[in-house]
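# Understanding the architecture of this molecule
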Amino acid sequence: MRTLPTEQHSIEFCRDLLAGRVPEEAITFCAYLLPDRAAVWWAHECLGHLSELLDETDQQLLALVSNWVSEPGSAHHRAALGQAAAVPPTTPGAWIALAAGWRDNGLGACRSVGRTAVPPASPPGPAAHAVNAGILAGLARVALADRFAILSAFVEMGLQMAEIEALRQSADAC
């Protein structure tokens with residue numbers, strides 16, 4: 001993103017991005033705004049609306065991602081990672097499967113040094129990066145005349161999920 005942060009509330013800032021010169025930055029913002037699991041589900045839902053533009057491999061990867069969101073510790077999660085590793089992350093579904101499997105790849109897991117757990121040395125938000133790439137790759141397949149309407153719908157869905165996550169976190173804090 002090239003847009004500099006402001007003092008605005010996240011939702012307002014994202015809507016301003018959507019109305020700005022590069023509306024795709026709103027997708028990027030949502031990808032980083034949402035917690036990883038919610039971001040992966042959001043991407044899955046976005047690409048589900050583009051299913052007619054996705055090939056069979058992407059459809060299979062998205063099915064594995066759906067299983068991972070339901071049960072992140074299940075064998076389906078490892079299968080999603082295996083599938084993502086086998087497919088270069090150049091398609092929308094491969095990017096989303098990569099986001100789902102990122103932690104199993106050792107990038108999100110803590111390692112032990114003596115008795116101390118050391119966080120990974122990966123950049124912040126690698127799953128968000130993959131989510132962003134997957135959604136934007138899907139949007140690139142949409143007819144230009146329809147792209148802004150679909151992009152707007154995806155951003156609104158992401159913002160709704162962000163609001164739900166914020167409510168869930170505040171309820172958990174009580």
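Up top is the structure.
Residues numbered from 1 in each chain as written. Predicted model: local features only at pLDDT ≥ 70, side-chain atom pairs only at ≥ 80, totals over all residues. Heavy atoms only, no water.

## Quick notes on the pattern of salt bridges
Rules: Only one rule defines a salt bridge in this text: a Lys or Arg side-chain nitrogen within 4 Å of an Asp or Glu carboxyl oxygen. Helical segments are the DSSP runs of H or I of at least four residues, strand segments are the runs of E of at least two, and each set is numbered from the N terminus. Each residue is assigned to one of three classes by its accessible area relative to the maximum for its type, calculated with a 1.4 Å probe on protein chains only: buried under 20%, partly exposed between the two thresholds, exposed over 50%.
One pass over the structure, following the stated rule, counts 3 salt bridges. Arg15 is the partner of Glu156 in a salt bridge, and the nearest nitrogen-oxygen pair spans 2.8 Å. With Glu156 in helix 8 (residues 144–173) and Arg15 in helix 1 (residues 10–19), the pair connects residues that are 141 residues apart, well separated along the chain. Exposure remark for Glu156: the relative accessible area of 27% places this residue in the partly exposed category. Arg15 gets classed as partly exposed once you look at its relative accessible area, which sits at 38%. In this structure, the salt-bridge partner of Glu165 is Arg168, at a minimum N-O distance of 2.7 Å. Of this pair, Glu165 and Arg168 both sit in helix 8, 3 residues apart, which is roughly one turn of that helix.

## Description of the nonpolar core
To be explicit about the condition: Here, nonpolar core refers to any group of buried Ala, Val, Leu, Ile, Met, Phe, Trp, Tyr and Cys residues whose side-chain atoms link them within 4.5 Å. We call two residues contacting when some pair of their heavy atoms lies within 4.5 Å.
By size, the foremost hydrophobic cluster in this structure holds 49 residues, and its most contacted members are Ile27, Val40, Trp42, Val131, Ile135, Phe154 and Val155. Those elements that place two or more of their residues in this core are helix 1, helix 2 (24–33), helix 3 (36–48), helix 4 (56–70), helix 6 (92–101), helix 7 (126–139) and helix 8. Val155 has contacts with Cys14, Leu18, Ala26, Ile27 and Cys30, leaving out every residue within four places of it along the chain.

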